[in-house]
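Chain and residue survey
Spelled out from the first residue to the last, the chains are:
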Amino acid sequence: GAGVSQSPSNKVTEKGKDVELRCDPISGHTALYWYRQSLGQGLEFLIYFQGNSAPDKSGLPSDRFSAERTGGSVSTLTIQRTQQEDSAVYLCASSLSGGASYEQYFGPGTRLTVT
Amino acid sequence: SQQGEEDPQALSIQEGENATMNCSYKTSINNLQWYRQNSGRGLVHLILIRSNEREKHSGRLRVTLDTSKKSSSLLITASRAADTASYFCATDEGGNNNDMRFGAGTRLTVKP
């Protein structure tokens, strides 16, 4: 596909369960970002991957959150032991390279609801 | 943590009027970008301005950057109902830091 895709588009899970969110970036984009957006709020930076470098995990809110990017392409964000406050839209973006010199292309997001 | 902070948080205008939104940031930057988010649509890049630029235009959009005040403004001229959206600024944190930080956004409503 031409754009960034994310799956699933919606996920409802029970408190305490683990969830995995997937992001397929645009082919050839070396930078990949995960953000979280609560209803009516701005974007909260979570994690940033750039090529083969160690990811910047400084935005992850707790050790229940982790992410990996395999082969410099697909990324998975994992939330363990989900809590109700994890409910939000999780957005993935990719860009040719990192930083604000490059336009970010966003996926449609995954809406996570923790009941 | 957020780097950029937009104001106002919400803005309501009539179609045809101009809309101005402001963004302030905390650290030195390399570049600043503005994005739009419509209801039901994803975030879309609008314009990028580099730290050595003071003004940039794209269609009905005009962006200014004042690095001495650590602030940027986005002006939308001759607004349309379709401009109704949330607008976010995003910056890196200068140097070799490629993290991107978004502000909380300005919610613009353009009444027909």
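Residues numbered from 1 in each chain as written. Chains lettered and ligands numbered in written order. Predicted model: local features only at pLDDT ≥ 70, side-chain atom pairs only at ≥ 80, totals over all residues. Heavy atoms only, no water.

1. Concerning the state of the cysteines
The full count for this structure, using the stated rule, is two disulfides over all chains. The disulfide partner of C23(A) is C92(A), and the S-S distance across this bridge is 1.8 Å. Between C23(A) and C92(A), the S-S torsion sits near -60°, and that sign places the bridge as left-handed. Of this pair, C23(A) sits in strand β3 (residues 19–24) while C92(A) sits in strand β8 (residues 88–95); the two residues are 69 residues apart in sequence, bridging distant segments of the chain. The class for C23(A) is buried, based on a relative accessible area of 0%. Classification of C92(A) as buried rests on a relative accessible area of 0%. Here C23(B) pairs with C89(B) through a disulfide, and the sulfurs are 2.0 Å apart. Taking the torsion about the sulfur-sulfur bond, which here is approximately 65°, the covalent link between C23(B) and C89(B) counts as right-handed. (Disulfide = S-S within 2.5 Å. Helix = DSSP H or I, 4+ residues; strand = E, 2+ residues; numbered from the N terminus. Buried < 20%, exposed > 50% of the residue type's maximum accessible area, 1.4 Å probe, protein only.)

2. Brief notes about the interface of chain A and chain B
On the side of chain B, 19 residues touch chain A, which itself brings 19 residues to the contact. Of the roughly 1,500 Å² buried between chain A and chain B on both sides combined, carbon and sulfur atoms contribute 52%. Of all residues in chain A, the largest losses of buried area upon contact with chain B belong to L43(A), A100(A) and F106(A), amounting jointly to 34% of the total for that side. Where chain A meets chain B, there are zero salt bridges. Between chain A and chain B we count four residue pairs in polar contact (both at pLDDT 80 or more) in total. Residue composition of the side of chain A that touches chain B, grouped by class: nine nonpolar, eight polar and two charged. (Contact = heavy atoms within 4.5 Å. Buried area = accessible area lost by both parts, 1.4 Å probe. Salt bridge = Lys/Arg side-chain N within 4 Å of Asp/Glu carboxyl O. Polar contact = N/O pair within 3.5 Å; in protein donor to acceptor, adjacent residues only side chain to side chain. Nonpolar A, V, L, I, M, F, W, Y, C, P; charged D, E, K, R; others polar.)

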